[in-house]
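As a plain string of letters, each chain reads:
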Amino acid sequence: MKKILNLWLAVALLIMTVTAGCTSNNGDIGTLFGVWHLDRMAVDGEDDTGYDGNCFWSFQNNIICISVENDPLAHAPERSWGTWSRRDNRIVLNFSHKAGDGDQQQMYVPPAMLGMPAEADIPLTVSHDSGDRMTLVYDTPDGAEIAYYLVKF
């Protein structure tokens, strides 16, 4: 009986080790890891009434994927891929990566509704981060302030 228990414990430990490797993927990124729903946006303090609540941000390692679900029945979100880095209360997104031609290039452009440039670093100030809710603020080059209110999904 003790051998069977030890075998089950060894299997459980192996499973925990393998699955933990998938979530940390080159280092622990803390509460940022995972999928965040863009609950709402505000431009210069006014809610963006044109936002449909259909955007999700996913963080893993140094990769960000922003998905926009334009047709929930199609199960085919538009995805934008970039990289990110974080230092203190600043997250910098970068969507200037290239791969292939034509339609593949669209994968490396942030969704237009977010008001972010495609060919430059995008500095976001973390104005609130409670682990399950986060507010990021982008000061655009033309002087506008866009706030992104994210909720852990």
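Residues numbered from 1 in each chain as written. Predicted model: local features only at pLDDT ≥ 70, side-chain atom pairs only at ≥ 80, totals over all residues. Heavy atoms only, no water.

Draft legend 1. Molecular detail of the packing of aromatic side chains. Summed over all chains, the structure comprises 3 aromatic pairs. Considering the side-chain rings of phenylalanine 59 and tryptophan 84, the 5.6 Å spacing of their centres and the 85° angle between planes classify their relative orientation as edge-to-face. One end of the pair, phenylalanine 59, is in strand E3 (residues 55–60); the other, tryptophan 84, is in strand E5 (residues 78–87), and 25 residues separate them in sequence. No difference in accessibility class separates phenylalanine 59 from tryptophan 84, as the two residues are buried. Positioned over the ring face of tyrosine 149 is arginine 40, at 3.8 Å from the centre of the ring. (Phe/Tyr/Trp six-rings, centres within 6.5 Å; stacked < 30°, edge-to-face > 60°. Helix = DSSP H or I, 4+ residues; strand = E, 2+ residues; numbered from the N terminus. Buried < 20%, exposed > 50% of the residue type's maximum accessible area, 1.4 Å probe, protein only. Lys NZ or Arg CZ within 6 Å of the ring centre and 35° of its normal.)

Draft legend 2. Molecular detail of the environment of aspartate 71. Tracing the chain through its elements places aspartate 71 in the loop between strand E4 (63–68) and E5. Between the alpha carbons of aspartate 71 and asparagine 54 there is a distance of 9.2 Å; along the sequence they are 17 residues apart.

Draft legend 3. Quick look at the pattern of salt bridges. What the rule picks out here adds up to 2 salt bridges. A salt bridge links arginine 40 to aspartate 47; its shortest N-O distance comes to 2.5 Å. A salt bridge links aspartate 129 to arginine 86; the shortest N-O distance between them is 3.2 Å. In this pair, aspartate 129 sits in strand E7 (residues 121–129) while arginine 86 sits in strand E5, placing the two residues 43 residues apart along the sequence. Note on aspartate 129: relative accessible area 31%, which makes it partly exposed. (Salt bridge = Lys/Arg side-chain N within 4 Å of Asp/Glu carboxyl O.)

Draft legend 4. Examining the pairing of strand E6 (residues 90–94) more closely. The sheet contact formed by E5 and E6 spans 5 bridges and is antiparallel. Looking across to E6, one finds that tryptophan 84 is bridged to leucine 93. Following E5, the chain reverses through 2 residues before pairing antiparallel with E6; aspartate 88 in that reversal takes a positive phi of roughly 55°. Both E6 and E7 contribute to a ladder of 5 bridges, which runs antiparallel. By the bridge assignment, valine 92 is partnered in E7 with proline 123. (Pairing = 2+ DSSP bridges.)

Draft legend 5. Examining the side chain of histidine 37 more closely. Take histidine 37: it is sitting in strand E1 (residues 34–43). On the basis of relative accessibility, which here comes to 18%, the residue histidine 37 falls in the buried class. If sequence neighbours within four positions are ignored, histidine 37 has contacts with Tyr51, Gly53, Cys55, Phe56, Tyr149, Leu150, Val151 and Phe153. (Contact = heavy atoms within 4.5 Å.)

Draft legend 6. The arrangement of the pairing of strand E8 (residues 133–139) in detail. Counting buried positions along E8 yields 5 of 7 residues, so the element is predominantly enclosed. Relative to E8, E7 runs antiparallel, the two being bridged by 4 bridges. Paired with threonine 125 across the bridge in E8 is valine 137. Where E7 hands over to E8, the hairpin turn is made up of 3 residues, of which glycine 131 adopts a positive phi near 100°.

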